[in-house]
Amino acid sequence: MPADSIRELAHAYARADRAEICWTLGITEHHNAVDNVLAIINLALLTGHVGRYGSGLNPLRGQNNVQGGGDMGAIPNKLPGGQDVEDAASRAKFERAYGGVTIPPKRGWHLSEMFEAMQHGDLKTVYVLGENPAQSEADCARAVRLLEKLDHVVVQDIFLTKTCDYAHVVLPAAASWCESEGTVTSSERRVQRVRKALDPPPGARDDIEILCELAGRLGHDWGHPTAEQAWDELRSLSSWHKGMSYRRLEELDGIAWPCPDESHPGSLFLHDRLWKDPIEGRPAPFSPVEFEPPVDALTEEYPIRLTTGRRLDSFNTGVQTAGYASPLRRGESLDLAPEDIERHGLAEGEHVRVVSRRGAIEVPVRVDPSLRPGLAFMTLHFQDEVATNLLTIDATDPKSGTAEFKATAIRIERLGAPRDTRPAKAAARATATPAPAGVRGR
């Protein structure tokens, strides 16, 4: 990026009356994911673009209801409603509501830590609900090796995913977006109702029904609560959701948390307390961070940076989309800048071997003028045909557990020529083509 462009953008952002920063996984799928977000927060705090209508920080979630899943406690250090699992008072409230059970006082494992625990033999049984880690994990060859050696794997899903190949038990589930009652929460914290439109196919059952029956077989009678009854229990424990009855959610077409009582309209934005005089609560802290380059370094052997992402027509590992036609869809490709296509002497559609420090795949190339030289792009939508995650590195952020999907070092080998069996460094030197005049270095 030219320095002048960065300076111009910084001044425009700082001087704007209202400004918002939105980001997606391009910021967070790095080994220093949390630090990247903290740097953005620092900038918003420095310029005053927080706590005001039309300004703020908005992580755009990668999938439907990611925000809602976190709000319901599907985070290793949180109970529902954002309450800290290591806070004794918060645990005590849930322990009473749940019939005197004991909630462990320490945070649990995030996904990357679970795979580390599998590797060390500390995790031997896994219950996978609506996830396909056999194909979605970075360095998926490692993920499969670890799944294969587990003592017991249960998968609960709406399709037979690749992860089901390593399961001892598969529980067919209903599609929650059309075959179940419930709620969904958007990136703006707006909780909305989901209404059942269809019955699930024979043999498939609602998630809540499966979990309650399983609890009964394990000696815990949870009864047969409806989705609304489960939601009302949540409201009794979470101050964020206390005022969100099903009736009000339907009347208001959704409510943004926090909503502390049934007379509250919901909160359009957060952190307005920071502008009150005197300030309410603690000041927002700045968080010093240091720049760190990607773990998978670019070298002569691996000179191109591969970043992965999604396309509009497909969803994640393709489980919910690959079986259906789309006028927007094309097969997987390695997208390269025109300069890199020319440098390697490639033609549009030519199949190449893409090699990283972890594995190799074969894929056709495609010219993408929006890419800068030295940067390649692929998706993980067609893992059965092109296993992109054989290439990606499982270096993870210790604070969030997020893997570095966005920064893999690769090289490209032509398939027309005999495969070079010499050490990669020597092969790269022998086959390198000088860059055309005027092309920037990587």
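Structure shown above.
On to the nonpolar core, then. Side chains of a nonpolar character, in soluble globular proteins, are inclined to be buried together. Membership of the largest hydrophobic core comes to 17 residues, with the highest contact counts inside it found for L334, L336, V352, V354 and M378. Contributions of two or more residues to this core are made by β11 (304–309), β12 (334–336), β13 (351–355), β14 (360–367), β15 (375–379) and β16 (408–414). In terms of residues, this core owes the most to one element, β14, which gives three residues. Those residues in contact with L336 that lie beyond four places of it in its chain are I341, L346, V365, R366, V367, D368, L371, L375, A376 and I412. Membership of the second largest hydrophobic core comes to 16 residues, among which are M118, L146, L147 and L150.

Turning next to helix α10 (residues 207–217). Among the residues of α10, I210, C212 and A215 are the ones counted as buried. With its phi angle positive at about 95 degrees, G219 sits one or two positions after the end of α10.

Of all the seven residues making up β16, six are buried; the element is thus mostly covered by neighbouring parts of the structure. By the bridge criterion, three bridges tie β11 to β16 in an arrangement that is antiparallel. Pairing of R305 across the sheet is with A409, part of β16. Bridge count for β13 against β16 is four bridges, and the pairing is antiparallel. Across the sheet, R353 pairs through a bridge with E413, a residue of β16.

Turning our attention to the packing of aromatic side chains. Throughout the structure, instances matching the rule amount to three aromatic pairs. Centre to centre, the rings of F94 and Y98 are 5.8 Å apart; their planes meet at 65 degrees, and the pair counts as edge-to-face. Residue classification places Y98 among the partly exposed residues on the basis of a relative accessible area of 35%. It is R189 that lies over the ring of W257; its NZ or CZ is 5.6 Å from the centre.

Residue P258 is reached from W257 by a cis peptide bond, and omega for that bond is 0 degrees. Residue position: P258 is located in the loop between β10 (255–256) and β11. Residue D277 is joined to P278 through a cis peptide bond whose omega torsion reads 5 degrees. Examined against the element boundaries, P278 turns out to sit in the loop between β10 and β11. The phi dihedral of D139 falls on the positive side, at around 50 degrees, and the residue is not glycine. With respect to the helices and strands, the residue D139 is situated in the loop between α7 (133–136) and α8 (140–148). A positive phi angle, close to 55 degrees, is found at D253, a residue other than glycine. Looking at where D253 falls in the secondary structure, it is placed in the loop between α12 (246–251) and β10.

Further remarks concern the sheet that holds strand β5 (residues 125–129). What the three strands build is an open sheet, ordered β5-β6-β7; its pairing is parallel. Whereas interior strands pair on both sides, the edge strands pair on one side only; in this sheet they are β5 and β7 (169–172). Across the sheet, the axes of successive neighbouring strands diverge by a mean angle of 10 degrees, strand direction being ignored. Inspection of the sheet shows β5 paired to strand β6 (residues 152–157) by five bridges, in the parallel sense. Opposite V128, over in β6, you have V155 as the bridge partner. Packing against the sheet, α10 makes contact with β5, β6 and β7, and its axis sits at approximately 155 degrees to β5.

All right, on to the sheet that holds strand β8 (residues 182–185) then. By way of backbone hydrogen bonds, the strands of a sheet pair with one another, either parallel or antiparallel. Taken in spatial order, the three strands of this open sheet run β8-β9-β10, and their pairing is antiparallel. Because the sheet does not close on itself, it has two edges, and the strands there are β8 and β10.

Looking at the secondary structure, you find M72 in the loop between α4 (66–71) and β3 (78–79). Using a relative accessible area of 34% as the deciding quantity, one classes M72 as partly exposed. Distance in space between the C-alpha atoms of M72 and G100 is 20 Å, their sequence separation being 28 residues. The residues touching M72, leaving out its near neighbours within four places in the chain, are P80, W231, L234 and H241.

Across the six residues that make up β11, a large majority, six, are buried. Neither face of β11 is exposed, since I304, L306 and T308 on one face and R305, T307 and G309 on the opposite face are all buried. Bridge analysis of β11 against β15 gives five bridges, and the strand direction is parallel. Residue pairing in the sheet places T307 in a bridge with F377 of β15.

A separate point is the side chain of S267. The topology assignment puts S267 in the loop between β10 and β11. A polar side-chain atom of S267 sits 2.7 Å from the main-chain carbonyl oxygen of P258. Apart from the residues lying within four places of it in its own chain, the contact partners of S267 are R189, A256, W257 and P258.

What counts, and where the lines are drawn
Residues numbered from 1 in each chain as written. Predicted model: local features only at pLDDT ≥ 70, side-chain atom pairs only at ≥ 80, totals over all residues. Heavy atoms only, no water. Core = buried A, V, L, I, M, F, W, Y, C linked by side-chain atoms within 4.5 Å. Buried < 20%, exposed > 50% of the residue type's maximum accessible area, 1.4 Å probe, protein only. Helix = DSSP H or I, 4+ residues; strand = E, 2+ residues; numbered from the N terminus. Contact = heavy atoms within 4.5 Å. Pairing = 2+ DSSP bridges. Phe/Tyr/Trp six-rings, centres within 6.5 Å; stacked < 30°, edge-to-face > 60°. Lys NZ or Arg CZ within 6 Å of the ring centre and 35° of its normal. Axes fitted to C-alpha atoms, helices over the stretch in contact; angles between N-to-C directions. Polar contact = N/O pair within 3.5 Å; in protein donor to acceptor, adjacent residues only side chain to side chain.

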